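Letter by letter, the chains look like this.
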Amino acid sequence: MSEKQDNPKLSRREQILQALAQMLEGNPGQRITTAALAREVGVSEAALYRHFPSKARMFEGLIGFIEETVFSRVTLITQADAPGVKQCEQILTLVLAFVERNPGMARILTGDALAGETDRLRQRVNQFFERLETQLKQILREAEVKEGLRTVATPAASANLMLAVAEGRIRQFVRSEFKRRPTEQWADQWPRVAIGLFRQDSVAQPV
C-alpha cells in the first residue's frame, strides 16, 4: 500500500493492512500467519481481531484498497477525451504500474497469497479482473461507434486478450519474486499488441 506509506496518522486498522501488504512483499511465496502479523504491527493477536474478525477480512480490506485505487483512476481515464486505443493502453499501464509499486498486491491478484484462504477471496479477485475486462470491452464498443475503431477479433475477444497480457506480466512479476518489473519493456510491447488487435485502417492516431 505504497500510496499510504507517507501518512503519519494511520489508524490501527490501516496499520494492520499496511503491515500485511509489506509482509506479503517481504516474504514472497510464504503464507502470512496472524501471529507473525501481530508481531509486525506490535500488538497481540487479540488486538488484531478487535479490528478484523478474521484474516479473510484483512485480505478483503486489501482487495478493497486495490479496487478503490484502480477503478477510481479507470473512471478518470474513461471520462477524458482520449481515443479508445489510448484509453486501453492507459488502463493496462495503470494496472501494471500499480502492482509494480505494490508487490504485495500482485501476490493477491495472482492468488499466490490466497492459498489456503477462503474461496470468497479468490472469487472477489476474479470479479476484479472481470470488471476490468468489461471496462475494456465497453471502451472498444463505444470507440467503434464514436471513432469507427474496429478490432480484428470481436471486442469481447480483444478485451480478453489485452487483459491476459497484463495478467501474464503480473504473474511473471510474482514468479520472479518481484525482479521482473511489469512495466519493463511495456512501452515497446504495447504497440506490437495494438497492431495485432486493431484494424489499422480504423486507427486514427498512431498506436
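Note that this is a predicted model, so its numbers are computed, not measured.

S.K.: Quick rundown of the overall build of the protein? Include the residues and the values.
M.R.: Helix and strand counts for the protein come out as nine helices and zero strands. The helix and strand sequence of the protein, counted from the amino end, reads α-α-α-α-α-α-α-α-α. Counting only C-alpha atoms, the protein reaches 65 × 30 × 30 Å along its principal axes. Residue pairs at least 24 apart in sequence account for 67% of intrachain contacts in the protein once pairs closer than 6 positions are excluded. Of the side chains in the protein, 29 bear a positive and 25 a negative charge, and the two mean positions are spaced by 3 Å.

S.K.: Requested: an account of the packing of helix α5 (residues 84-101) against helix α7 (residues 119-147), with residues and values cited.
M.R.: Axis separation between α5 and α7 bottoms out at 9 Å; the angle between their running directions is 165°. With respect to their mutual orientation, α5 and α7 come out roughly antiparallel. Both α5 and α7 take part in a crossing whose hand is right-handed. Where α5 approaches α7, its residues Gly84, Gln87, Cys88, Ile91, Leu92 and Val95 are matched on the opposing element by Leu132, Gln135, Leu136, Ile139, Leu140, Ala143 and Glu147. Of the residues that constitute the contact of α5 with α7, the class distribution is nine nonpolar, three polar and one charged.

S.K.: How would you summarise the environment of Glu144 if you had to cite specific residues and measurements?
M.R.: Turning to its location among the elements, Glu144 is positioned in helix α7. Relative accessible area serves as the criterion here: at 41%, Glu144 is assigned to the partly exposed category. Between the C-alpha atom of Glu144 and that of Gln123, which follows or precedes it by 21 residues, the distance is 31 Å. Setting aside residues up to four positions removed in sequence, Glu144 forms contacts with Leu149 and Pro155.

S.K.: Tell me about the layout of surface pockets, and name the residues and values.
M.R.: The probe, sized like a water molecule, is rolled over the atoms to show the empty space still left. The volume enclosed by the largest pocket comes to roughly 220 Å³. Taken together, 14 residues line the largest pocket, and the ones lying closest to its centre are Thr78, Ala82, Gln87, Glu142 and Lys146. Secondary-structure elements contributing two or more residues to the lining of the largest pocket are α5 and α7. Among the elements that take part in the lining of the largest pocket, α7 stands out by supplying seven residues, more than any other. Class assignment for the residues of the lining of the largest pocket results in five nonpolar, five polar and four charged.

S.K.: Explain unusual backbone geometry to me, and be specific about the residues and the numbers.
M.R.: Here the phi dihedral of Glu177 falls at roughly 55°; this positive angle occurs in a residue that is not glycine. One can find Glu177 in the loop between α8 (155-175) and α9 (186-197). Glu177 gets classed as partly exposed once you look at its relative accessible area, which sits at 45%. Unusually for a residue other than glycine, Gln185 sits at a positive phi of about 70°. The residue Gln185 is located in the loop between α8 and α9 in this model.

S.K.: Help me get a handle on the environment of Gly116, residues and values and all.
M.R.: With respect to the helices and strands, the residue Gly116 is situated in the loop between α6 (103-110) and α7. In this structure Gly116 touches Arg31 and Arg122, once residues within four positions along its chain are discounted.

Conventions we followed
- Residues numbered from 1 in each chain as written.
- Predicted model: local features only at pLDDT ≥ 70, side-chain atom pairs only at ≥ 80, totals over all residues.
- Heavy atoms only, no water.
- Helix = DSSP H or I, 4+ residues; strand = E, 2+ residues; numbered from the N terminus.
- Contact = heavy atoms within 4.5 Å.
- Lys, Arg positive; Asp, Glu negative; His and termini not counted.
- Charge placed at Lys NZ, Arg CZ, Asp CG, Glu CD.
- Axes fitted to C-alpha atoms, helices over the stretch in contact; angles between N-to-C directions.
- Parallel < 35°, antiparallel > 145°, perpendicular 65-115°, else oblique.
- Left-handed = near helix turned anticlockwise from the far one by under 90°.
- Nonpolar A, V, L, I, M, F, W, Y, C, P; charged D, E, K, R; others polar.
- Buried < 20%, exposed > 50% of the residue type's maximum accessible area, 1.4 Å probe, protein only.
- 1 Å grid on protein atoms, 1.4 Å probe; cavity = no way out; pocket = protein on both sides within 12 Å on 5 of 7 lines; lining within 4 Å.
- Points joined across faces, edges and corners; volume = space filled by probe spheres on them.

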